[in-house]
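One letter stands for each residue in the lines below.
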Amino acid sequence: MALIELKDISKTYNTTAVPVNALKDINITFEKQEFTAIVGPSGSGKTTMLNILGGLDKPTNGTVIIDNNDITKMKPGNLVDFRLNKIGFVFQAYNLIPVLTALENVEFIMLLQKVSKKERREQAENLLQDVGLGDRMDNRPSQLSGGQQQRVAVARALASKPAFVLADEPTANLDSKSAESLLDMMEEMNKKHNMTFIFSTHDARVIKRARRVVTLEDGMVKEDKINK
Amino acid sequence: MYLKLAWKNVWRNKKRTLIVSASVFFAVILSCLQRSAQIGSFDYMVHSITKIYLGVLQVQHKNYWENRSLDDSIVLSDSQKDEINKIKNITSITPRIESVVLISGDSLVRVAHITGIDPHAEDKVSGTSKYLQKGEYFSLKDGALIASGLAERLKLSIGDSLLIYGLGFHGQTAAALLPVTGILKFPIEKMNTSTVYINIKKAADIFGLENRITSLAVMIDDLNELNRVSGDIHKFISSDETVLTWEELLPEIKQTIQFKTSSNFILIGILYIVIAFGIFGVVMMMTLERETEYGILNALGMKKRRMFLVTFFENVFLASIGTLSGIIAAIPVTTYLAHHPIQLTGEIAKSWEQLGIEAVFSFSADPSIFVNQAMIIFIISFICLIYPMLFLSRLKIVKALKK
Ligand SMILES: Nc1ncnc2c1ncn2[C@@H]1O[C@H](COP(=O)(O)OP(=O)(O)O)[C@@H](O)[C@H]1O
Ligand SMILES: [Mg+2]
């Protein structure tokens, strides 16, 4: 049984003068512990696909099944809880709550899950150690570099103990060195915590790091291959 | 942690929060002072009118207040007075015979307001004895107590004779020659230049009234019970007699108070509308500039309800900073002023005295003043919450993340 299954997914935006078919009849599955890149040129539908995968947007047609749950049929309130407990998110930028420290940002997601104060503190500290920010826990986002901020975001995504982590162009705002080391870290987490990562990118160096590469073009899956 | 987050959010833009807090601060101080002065001066107005000469209520013949004629006098039996005195909240009663007469000393003649009083009962109602400057008060029997301003004008002092000439019951002539046995100094100029007190028995003699009086003045201990007490008194008097409250006795005072209150409400209202826009502006900016953040939080799994809760806390903090500091600053000021009223001088003083009010600008430190200001600010800020509420209910993650 696949972790995630997209069945006949299509997405049409009707907000523009000419409707845009951002995704066209996508069928794809993702398994546990994957480390997968969604690639493709700008406008190919990567963000749209990740949003639908993460329950942030509804497809025009088709179903999304995660861990045997059809999230396209969920009530909004349940979907929020589902995201909280099943999906970790890393966005391109402005991920963190600017007024909270790195530690508090990681703790926050567990606060939403009603984890006890002691446990969430411990867990957050461990995760920040894991992502290499043991000495920056009390810094606010503005006191951290872009790469460090993304590490905090990954730590936060892991803190809720999700089934998988979605990251939409997590390295887009990073220089190549930071991008590289973020990927190192994600890979390490993938191995250490057996965590599934699905991230979009159009950075060749990042693509190289993925074990599976799904290429989108014009809202369709053009290629789906395993990196050796 | 939600509270902590809210508190930190409030200070994201320090300058903005300080500006809106400062404007709330000044609005609260200003309106506290304004209300304090208003309530204080009205309380004082009512107090000085009722306490010094009017009484809170008066039992009179139903035509007396209009005609001011001794022919419209009344007879109250001892048992009636007893019953009235027993009514709840009534602290004291005193009978009076009032009339306007001509008086003269050696050669000068003036118009004076003469009142026949029972010295002890009158003192309980009006505290008259404390105005005594010279001579004796409680022994008043066949002599006259005269206000100091009037005494000066007539060049009278203790022991001198005072001639009274007026109109008695049923048009008979009322005249008497009385020795001055005391000089009273009243805080109200108008009273101080026109008042003569004589014993009520003597007054009955002079005016041929026998056991008739023109009014029974009544004091009560709680002004909120005014109308109830008035109703209770009605049970013990005849249909020719009536009970008038101070508001009915001096409608112009009531009107002045109402007019000033409403005109001040308009001013304060404008002030608060300005403040409301300030608060709303900040709430709106705080909401709009965080659309992406709200979107991310919602994506991560924070319910809109919970985001609204944090926003609600932010709002409470935002309103509290200015309100609490404003109240904390206003309390000592109003408390000081409440204990140290400002003595008025010049034209303003004259105009107050013409209304029969002591020219003192009083303040009130009544807690309700501060509570009311705080409530107004909080109501404003809760109304402002409608904006983030609608905003959050319409929030679309995908759209917010694109910003
Ligand atoms: N909210 C929207 N309204 C209209 N068109 C949209 C919207 N979001 C995305 N699109 C369009 O859908 C297509 C796919 O966009 P997107 O998923 O963002 O691609 P990518 O992330 O690969 O750059 C593009 O043509 C884009 O212009
Ligand atoms: Mg994109």
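Everything here concerns the structure above.
Described below are features of the structure shown in this document. Every chain is numbered independently, its residues counted from 1 as its sequence is written. For this description, chains carry letters from A and ligands carry numbers from 1, given in the order in which they are written. Owing to the predicted nature of the model, reporting of local features is limited to residues with pLDDT of at least 70; listing and counting of side-chain atom pairs is limited to 80 or more, with chain, interface and lining totals taken over all residues. Side-chain calculation: all heavy atoms of the structure are included, whereas hydrogens and water are not.

Details of the environment of Glu180 of chain A
Residue and element names in this part refer to chain A. Mapped onto the elements, Glu180 comes out in helix α6 (residues 176-192). C-alpha of Glu180 to C-alpha of Met110: the two residues are 70 residues apart in sequence and 28 Å apart in space. Filtering out sequence-adjacent residues up to four positions away, Glu180 remains in contact with Arg205 and Arg209. The secondary structure listing takes helices from DSSP runs of H or I that are at least 4 residues long and strands from runs of E that are at least 2 residues long, numbered from the N terminus. Note on contacts: a residue pair qualifies if any of its non-hydrogen atoms lie within 4.5 Å across the two residues.

Points about the nonpolar core
Among the nonpolar cores identified, the biggest contains 93 residues, and Ile4, Leu6, Val106, Phe108, Leu128, Phe197 and Phe199 of chain A are the most heavily contacted of them. At eight residues, helix α3 (residues 102-112) of chain A tops the list of elements feeding residues into this core. If near-sequence neighbours (up to four positions away) are discounted, Phe199 of chain A is found in contact with Phe35, Thr36, Ala37, Ile38, Ala167, Pro170, Leu183, Met186, Val206 and Ala210 of chain A. Residues Phe42, Leu162, Ile183 and Leu209 of chain B belong to the second largest nonpolar core, which totals 60 residues. Among buried residues, the Ala, Val, Leu, Ile, Met, Phe, Trp, Tyr and Cys ones that are joined through side-chain atoms within 4.5 Å form a nonpolar core. Any residue under 20% of the maximum accessible area for its type is buried, any over 50% is exposed, and the rest in between are partly exposed; the area is computed with a 1.4 Å probe on protein chains only.

Comments concerning the sheet that holds strand β2 (residues 20-30) of chain A
Sheet strands pair via backbone hydrogen bonds, and the direction of the pair is either parallel or antiparallel. Residue and element names in this part refer to chain A. An order of β2-β1-β4-β5 is seen for the four strands of this open sheet, with the pairing classed as antiparallel. Each edge of the open sheet carries a strand with a single partner, namely β2 and β5 (69-70). A pair of strands is labelled paired if DSSP reports no fewer than 2 bridges between them. Summarising the sheet, strand β4 (residues 61-66) and β5 pair through two bridges and their orientation is antiparallel. Opposite Ile65, over in β5, you have Asp70 as the bridge partner.

Description of the pairing of β4 of chain A
Residues and elements named next belong to chain A. Looking at chain direction, strand β1 (residues 4-13) and β4 are connected through five bridges and run antiparallel. Following the sheet pairing, Lys7 is matched in β4 by Thr63. Hairpin connection of β4 to β5: two residues between the antiparallel strands, including Asp67 at a positive phi of 50°.

A short note on the side chain of Ser160 of chain A
Residue and element names in this part refer to chain A. Within the secondary structure, Ser160 is located in the loop between α5 (146-159) and β7 (164-168). Given a relative accessible area of 5%, Ser160 falls into the buried group. Any pair of N or O atoms that falls within 3.5 Å is considered a polar contact. Within protein, one atom must be able to donate a hydrogen and the other to accept it, and sequence-neighbouring residues count only if both atoms are side-chain atoms. A polar side-chain atom of Ser160 sits 3.4 Å from the main-chain carbonyl oxygen of Ala157.

Side note on the pattern of salt bridges
Any Lys or Arg side-chain nitrogen located within 4 Å of an Asp or Glu carboxyl oxygen qualifies as a salt bridge. By the definition in use, this model includes 25 salt bridges over all chains. With a shortest N-O distance of 2.4 Å, Arg209 of chain A and Asp184 of chain A are connected by a salt bridge. Highlighted residues: Arg209 of chain A in helix α7 (residues 204-209) and Asp184 of chain A in helix α6, separated in sequence by 25 residues. Judged by its relative accessible area of 16%, Arg209 of chain A falls in the buried class. With a relative accessible area of 38%, Asp184 of chain A lands in the partly exposed category. Two residues, Asp232 of chain B and Arg228 of chain B, come together in a salt bridge whose shortest N-O distance is 3.3 Å.

Overview of the sheet that holds strand β6 (residues 87-90) of chain A
Residue and element names in this part refer to chain A. In spatial order, the strands read β6-β7-β8-β3-β9-β10; together these six strands make up an open sheet with mixed pairing. Looking at which strands have only one partner, the edges of the open sheet turn out to be β6 and β10 (220-226). On average, adjacent strands in this sheet sit at an angle of 15° to one another, irrespective of strand direction. As defined by bridge partners, strand β3 (residues 35-39) adjoins strand β8 (residues 196-201) across five bridges and the pair is classed as parallel. Within the sheet, the bridge partner assigned to Phe35 lies in β8 and is Phe197. Lines fitted to the C-alpha atoms define the axes, with helices restricted to the stretch that makes contact. Angles between their N-to-C directions range from 0 to 180 degrees.

Remarks on the site of ligand 1
Taken together, 13 residues lie around ligand 1, and Gly43, Lys46, Thr47 and Thr48 of chain A together with Lys402 of chain B are the ones closest in. The backbone of Lys46 of chain A places a nitrogen or oxygen atom 2.9 Å from an oxygen atom of ligand 1. Here Thr48 of chain A contributes a side-chain N or O atom positioned 2.5 Å from an oxygen atom of ligand 1. Sorting the residues of the shell around ligand 1 by element identifies β2 and α1 (46-53) of chain A as the ones contributing at least two each. Broken down by element, the residue count for the shell around ligand 1 peaks at three residues, all from α1 of chain A. Tallied by class, the residues present in the shell around ligand 1 amount to four nonpolar, seven polar and two charged. Nearness is defined per residue: one heavy atom within 4 Å of the molecule or strand is enough. Residues are grouped as follows: Ala, Val, Leu, Ile, Met, Phe, Trp, Tyr, Cys and Pro are nonpolar; Asp, Glu, Lys and Arg are charged; all remaining types, including Gly, are polar.

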